[in-house]
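What follows is each chain in one-letter form.
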Amino acid sequence: GAVVSQHPSWVICKSGTSVKIECRSLDFQATTMFWYRQFPKQSLMLMATSNEGSKATYEQGVEKDKFLINHASLTLSTLTVTSAHPEDSSFYICSAREDREVQPQHFGDGTRLSIL
Amino acid sequence: QKEVEQNSGPLSVPEGAIASLNCTYSDRVSQSFFWYRQYSGKSPELIMSIYSNGDKEDGRFTAQLNKASQYVSLLIRDSQPSDSATYLCAVRNQGGKLIFGQGTELSVKP
């Protein structure tokens, strides 16, 4: 089945640090990938849609300068949390689907980000 | 009204019983529906997808879709303690985005 790999799985860093998270589709091509954030006891909230070769589409309320997304190839999207602060601490999860829209989305294992 | 609504639970069932999870959605033109299972501290795992009215069975899981009532459900037969998790209903909207419900926490008691 479709496999999405996300790295790193866990990050602890100081306030003000920038953190890059990678998301790879291992056995399929994904023109579109998605980045979600999940706070404890809450559901997944879509942050942005990452489009290969073009700018990401951000959801309302998500700062594009804070959360930089790059989708440089059909198998890799990155999310950089710039100048992270404690309120950015969360569980970040990427997702991708094969390039037929009816296909389900598969999720990476997530990245738990803790900002001290 | 939320786009996708689920009872947050917790839903508690004894081992071996049928667990019934329900979900309603607001976008009448939605065509793709999914159930994901999420264990605590882990990312969601796809259990079932359903696209047309009726039932779809896969092992102990049955998804049911009624587009007229804007309702999708998941039945888990012979529930096991390992089924204890949060079950997320997800609906793909017109823009292609996957919208999640808040999840139903299921607890299967031995």
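Residues numbered from 1 in each chain as written. Chains lettered and ligands numbered in written order. Predicted model: local features only at pLDDT ≥ 70, side-chain atom pairs only at ≥ 80, totals over all residues. Heavy atoms only, no water.

> Would you mind showing me how to read the overall build of chain B here?
The helix and strand tally for chain B stands at zero helices and eleven strands. Along chain B, from the amino end to the carboxyl end, the secondary structure elements read β-β-β-β-β-β-β-β-β-β-β. By the compact-globule yardstick of 13 Å for 110 residues, chain B fits well, its C-alpha radius of gyration being 13 Å. Per-residue burial over chain B gives 47% buried out of 110 residues. Contacts in chain B between residues at least 24 apart in sequence constitute 53% of all its contacts with a sequence separation of at least 6. For chain B, the exposed surface amounts to about 5,100 Å²; the carbon and sulfur share of it is 46%. On chain B, the mean spot of the 11 positive side-chain charges and the mean spot of the 11 negative ones are 5 Å from each other. (Helix = DSSP H or I, 4+ residues; strand = E, 2+ residues; numbered from the N terminus. Rg over C-alpha atoms; globule rule 2.2 N^0.38 Å. Buried < 20%, exposed > 50% of the residue type's maximum accessible area, 1.4 Å probe, protein only. Contact = heavy atoms within 4.5 Å. Areas by Shrake-Rupley, 256 points an atom, 1.4 Å probe, with all protein chains shown as cover. Lys, Arg positive; Asp, Glu negative; His and termini not counted. Charge placed at Lys NZ, Arg CZ, Asp CG, Glu CD.)

> Can you walk me through the overall build of chain A in this structure?
Scanning chain A from N- to C-terminus turns up zero helices and eleven strands. If you list the helices and strands of chain A from N to C, you get β-β-β-β-β-β-β-β-β-β-β. The C-alpha atoms of chain A give 13 Å as radius of gyration, which agrees with the globular expectation for 116 residues (13 Å, within 12%). If one aligns the C-alpha atoms of chain A with their principal axes, the spans along those axes are about 40 × 25 × 20 Å. Burial status across chain A gives 52% buried among its 116 residues. For chain A, the proportion of contacts with a sequence separation of at least 24, taken over those separated by at least 6, is 54%. As displayed, chain A offers around 5,900 Å² of accessible surface, 50% of which is attributable to carbon and sulfur atoms.

> I'm lost on the interface of chain B and chain A in this one. Help?
For interface size, the figure often reported is the accessible area lost on association. Taken residue by residue, the interface counts 18 residues in chain B and 21 residues in chain A. Between chain B and chain A, a total of about 1,500 Å² is buried, with carbon and sulfur atoms accounting for 52% of that surface. The largest contributions to the chain B side of the interface with chain A come from B:Ser43, B:Arg92 and B:Lys97, which together make up 31% of the buried area. Summed over the shared surface of chain B and chain A, the number is one salt bridge. Notably, a salt bridge pairs B:Lys97 with A:Glu59, separated by 2.6 Å at the nearest N-O pair. Along the contact surface separating chain B from chain A lie six residue pairs in polar contact (both at pLDDT 80 or more). (Buried area = accessible area lost by both parts, 1.4 Å probe. Salt bridge = Lys/Arg side-chain N within 4 Å of Asp/Glu carboxyl O. Polar contact = N/O pair within 3.5 Å; in protein donor to acceptor, adjacent residues only side chain to side chain.)

> Help me out: how do you make sense of the side chain of A:His71 in this one?
All names here are of chain A. Relative to the helices and strands, His 71 resides in strand β7 (residues 67-73). Of the polar contacts made by the side chain of His 71, one reaches the side chain of Ser 50; its length is 2.7 Å. Sequence-distant contacts of His 71, that is, excluding residues within four places in its chain, are made with Ala 30, Thr 31, Thr 32, Met 33, Ser 50, Asn 51, Glu 52, Gly 53, Leu 76 and Ser 77.

> Can you walk me through the confidence of the model for chain B in this structure?
Should the pLDDT be low somewhere, the predicted coordinates at that spot are not to be read in detail. The predicted model of chain B averages 94 in pLDDT, with 99% of residues at 70 or higher. Predicted confidence in chain B is weakest over strand β10 (residues 98-100) of chain B, with a mean pLDDT of 91, and strongest over strand β7 (residues 61-66) of chain B, with 98. (pLDDT = per-residue confidence, 0-100.)

> What is the right way to look at the pattern of salt bridges in this model?
Oppositely charged side chains are able to pair whenever their charged atoms sit close together. Under the counting rule described, the total for this entry stands at six salt bridges over all chains. Between A:Arg24 and A:Glu22 there is a salt bridge; the shortest N-O distance is 3.5 Å.

> Quick question: what am I supposed to make of the packing of aromatic side chains here?
For any pair of aromatic rings, geometry is given as the distance between the ring centres together with the angle between the planes. What the rule picks out here adds up to nine aromatic pairs over all chains. Taken together, A:Tyr36, A:Phe107, B:Phe34, B:Tyr36, B:Tyr51 and B:Phe100 form an aromatic cluster joined through their ring pairs. The side chain of A:Arg112 reaches across the aromatic face of A:Phe91, ending 4.3 Å from its centre. A cation over a ring is seen here: B:Arg60 above B:Phe61, with NZ or CZ 5.6 Å from the ring centre. (Phe/Tyr/Trp six-rings, centres within 6.5 Å; stacked < 30°, edge-to-face > 60°. Lys NZ or Arg CZ within 6 Å of the ring centre and 35° of its normal.)

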